[in-house]
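# Report on the structure
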Amino acid sequence: MIPFGRRGAPLPGPLKSMTKGDLFIVSAPSGAGKSTILRNVLSRMDGIAFSISHTTRPMRAGEQEGVDYFFVSQERFQEMVRQNAFLEWAEVHGNFYGTSKGFVEEVRSSGRDVVLDIDVQGAFQVKEKVPDAVLVFVLPPSMEELERRLRRRGTEDDSTISLRLANARAELEAVSRYDFIVVNDELERAVQGMEAIILSRRLSARRMLPILPEEFR
Ligand code: ADP
Ligand code: 5GP
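What comes next is a walk through the structure.

Here is what the cut-offs are and how they apply
- Residues numbered from 1 in each chain as written.
- Chains lettered and ligands numbered in written order.
- Predicted model: local features only at pLDDT ≥ 70, side-chain atom pairs only at ≥ 80, totals over all residues.
- Heavy atoms only, no water.
- Near = heavy atom within 4 Å.
- Areas by Shrake-Rupley, 256 points an atom, 1.4 Å probe, with all protein chains shown as cover.
- Helix = DSSP H or I, 4+ residues; strand = E, 2+ residues; numbered from the N terminus.
- Nonpolar A, V, L, I, M, F, W, Y, C, P; charged D, E, K, R; others polar.
- Pairing = 2+ DSSP bridges.
- Contact = heavy atoms within 4.5 Å.
- Axes fitted to C-alpha atoms, helices over the stretch in contact; angles between N-to-C directions.
- Salt bridge = Lys/Arg side-chain N within 4 Å of Asp/Glu carboxyl O.
- Buried < 20%, exposed > 50% of the residue type's maximum accessible area, 1.4 Å probe, protein only.

### Notes on the site of ligand 2
Taken together, 17 residues lie around ligand 2, and Ser53, Arg57, Tyr69, Tyr97 and Asp117 are the ones closest in. Considering ligand 2 on its own, with 510 Å² of exposed area, one finds that the protein chains cover 95% of that surface. Of all elements in the fold, only β5 (86-92) and β6 (95-100) reach the threshold of two or more residues within the shell around ligand 2. The class makeup of the residues in the shell around ligand 2 is 5 nonpolar, 5 polar and 7 charged.

### Some remarks on the sheet that holds β5
With respect to topology, 4 strands assemble into an open sheet ordered β4-β3-β6-β5, the strand pairing being mixed. Of all the strands in the sheet, just β4 (70-71) and β5 have a single pairing partner and so form its edges. The pairing of strand β3 (residues 54-55) with β4 spans 2 bridges and is classified as parallel. In the strand pairing of β4, Thr55 is matched with Phe71. Lying on the sheet, helix α3 (residues 101-109) is in contact with β5 and β6; it crosses β6 at an angle near 30°.

### Things to note about the pattern of salt bridges
Going through the model one piece at a time under the given rule, you end up with 23 salt bridges. When the shortest N-O distance is used, the salt bridge between Glu63 and Arg57 registers 2.8 Å. The exposure classification of Glu63 matches that of Arg57, with both residues buried. Where Arg76 meets Glu79, a salt bridge forms, and the shortest distance between an N and an O atom there is 2.9 Å. On the criterion of helical spacing, the pair formed by Arg76 and Glu79 is a turn pair, its members being 3 residues apart in helix α2 (residues 74-82). In this structure, a network of salt bridges that share partners links the residues Asp22, Asp113, Arg201, Arg202, Arg206 and Arg207.

This is how it looks when you write it as structure tokens:
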């Protein structure tokens, strides 16, 4: 009997060491709603882990150490770079951010999927090293709405918002190099879009063949 999850996806949990989990990279201009979409997807799907990045950015109100990020000093970050602890790292909006290589490897080896919320520079660094990584770009419905969301979130001051909007234009140039595009107009639809992308990889022959009954292999 093929183990199926709540939402019809094969459950990779008990399939340890049979197939490696997939790596999903989600990028978006700041304020597009990427964190909101991922929070919903992660609360609804089994067998997928969020990669918590290390950052030198100051903690925002409401954020928690080890939940949103591992907040580290510049010195500690540079030390981790020297130790080759990052799968990728980049300077974004004036702060450093990096993805833990060990965590990503550990999750994938256990048969679970892992999702990275990283910027476009980081996404392409990972794609070079992990060619089968799935690149997903989240777009706001319009630039006007992007600015409205950034302001409504109220976590950045005016100059930081201006910097993030200016960077958004450069980031948007990378859209055509991504595998999937999710427009975050209506949240539920965007969440379902992201879930569909993840499910499509779980139904790939690579993932399915090892768990099919003997007679189908
Ligand atoms: P990001 O992680 O891309 O920077 P957030 O997830 O923090 O963006 O979302 C930015 C703001 O927009 C938040 O206040 C969030 O509640 C809001 N938001 C997210 N998705 C939607 C949506 N579909 N419609 C309206 N507001 C949204
Ligand atoms: P924020 O400061 O709003 O949390 O994130 C700012 C930007 O940094 C976002 O585009 C986010 O995707 C990106 N980011 C977060 N973690 C990482 C990481 O580990 N590596 C890279 N390259 N970008 C990251």
